[in-house]
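Residue-level structure breakdown
Single-letter residue listing:
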Amino acid sequence: MTSTESAAPKSGEDDPIKVLFDMASYWATIWSLIALCLWFEHEVLKRLDIESGSVRVAILLVSTPAIFLATVTRIQKNPKARLILERARYVVVLVAAALLGAYLHANHKDDSYESALRDGAVLACSKMAACKAAATEYANTR
């Protein structure tokens, strides 16, 4: 069995934040590559019209460790693959941060006093015709 500890990026510094970032970005990149391979394999299985869900799951359960071992082994042995991983991991971190930001923005609940005040003002203004007309005019001229 291959050792995955030697495949991790080596840090010349003792800064724990840099070491943590290096390890997290390294493994996030490897698992995102594996997820991409599994998604592609799932799409191929769907196109082959394999009806049985248990057969699909069995194929994916066998292929996941195989893809993992092949990926880690290639990164350990091939310096070019390691260089690609070193460069791609920053992109993976940026994509993960963007996805997390989009998720948090979509699920954000603003319970602040200012938000309640703004909602109350909008509700009150919608009940007065002159206020609603002025707000509509203001919105149209922005």
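Being a predicted model, the structure only gives us computed values, none of them experimental.

Under the counting rule described, the total for this entry stands at one disulfide. Between C125 and C131 runs a disulfide, and the two sulfur atoms are separated by 1.9 Å. Disulfide C125-C131: torsion about the S-S bond near -110°, hence left-handed. By relative accessible area, which is 29% here, C131 ends up partly exposed.

With that settled, the discussion passes to the packing of aromatic side chains. Across all of its chains, the model carries four aromatic pairs by this definition. A centroid spacing of 6.2 Å and a plane angle of 20° characterise the contact between W27 and F68, whose relative ring orientation is stacked. Here W27, found in helix 1 (residues 16–47), pairs with F68, found in helix 2 (residues 53–77); they are 41 residues apart in sequence, far enough to count as distant. For F68, a relative accessible area of 17% gives the class buried. Each residue in the set Y26, W27, W31 and F68 is aromatic and connected to the rest through ring pairs, giving one cluster.

With that settled, the discussion passes to a nonpolar patch on the surface. A cluster of nonpolar side chains, contributed by L33, L36, W39, F40, V44 and L48, occupies part of the molecular surface with about 630 Å² of accessible area. Structurally, V44 can be placed in helix 1. According to the relative accessible area criterion, V44 is partly exposed, its value standing at 36%.

What follows covers the pattern of salt bridges. Evaluation of the coordinates by the stated rule reveals four salt bridges. Residues D22 and R89 are paired through a salt bridge, measuring 3.1 Å at the closest nitrogen-oxygen approach. Note that D22 is positioned in helix 1 and R89 in helix 3 (residues 79–106), a separation of 67 residues in sequence. Taking relative accessible area as the criterion, R89 reaches 3% and is therefore assigned buried.

In this section: the environment of H42. Locating H42 in the fold gives a position in helix 1. Residues H42 and R56, 14 residues apart in the sequence, show an inter-C-alpha distance of 7.7 Å.

The N-to-C vectors of helix 1 and helix 3 enclose an angle of 90°; their axes lie 9 Å apart at closest approach. Overall, the two elements helix 1 and helix 3 adopt an arrangement that is roughly perpendicular. The segment helix 1 lies against helix 3, with F21, D22, S25, Y26, A28, T29, I30 and S32 engaging L85, A88, R89, Y90, V92 and V93. Class assignment of the residues belonging to the contact of helix 1 with helix 3 gives a composition of nine nonpolar, three polar and two charged.

What counts and how
Residues numbered from 1 in each chain as written. Predicted model: local features only at pLDDT ≥ 70, side-chain atom pairs only at ≥ 80, totals over all residues. Heavy atoms only, no water. Disulfide = S-S within 2.5 Å. Buried < 20%, exposed > 50% of the residue type's maximum accessible area, 1.4 Å probe, protein only. Phe/Tyr/Trp six-rings, centres within 6.5 Å; stacked < 30°, edge-to-face > 60°. Helix = DSSP H or I, 4+ residues; strand = E, 2+ residues; numbered from the N terminus. Patch = residues over 30% accessible without salt bridge, like charges linked within 9 Å, V, L, I, M, F, W, Y side chains within 5 Å. Areas by Shrake-Rupley, 256 points an atom, 1.4 Å probe, with all protein chains shown as cover. Salt bridge = Lys/Arg side-chain N within 4 Å of Asp/Glu carboxyl O. Axes fitted to C-alpha atoms, helices over the stretch in contact; angles between N-to-C directions. Parallel < 35°, antiparallel > 145°, perpendicular 65-115°, else oblique. Contact = heavy atoms within 4.5 Å. Nonpolar A, V, L, I, M, F, W, Y, C, P; charged D, E, K, R; others polar.

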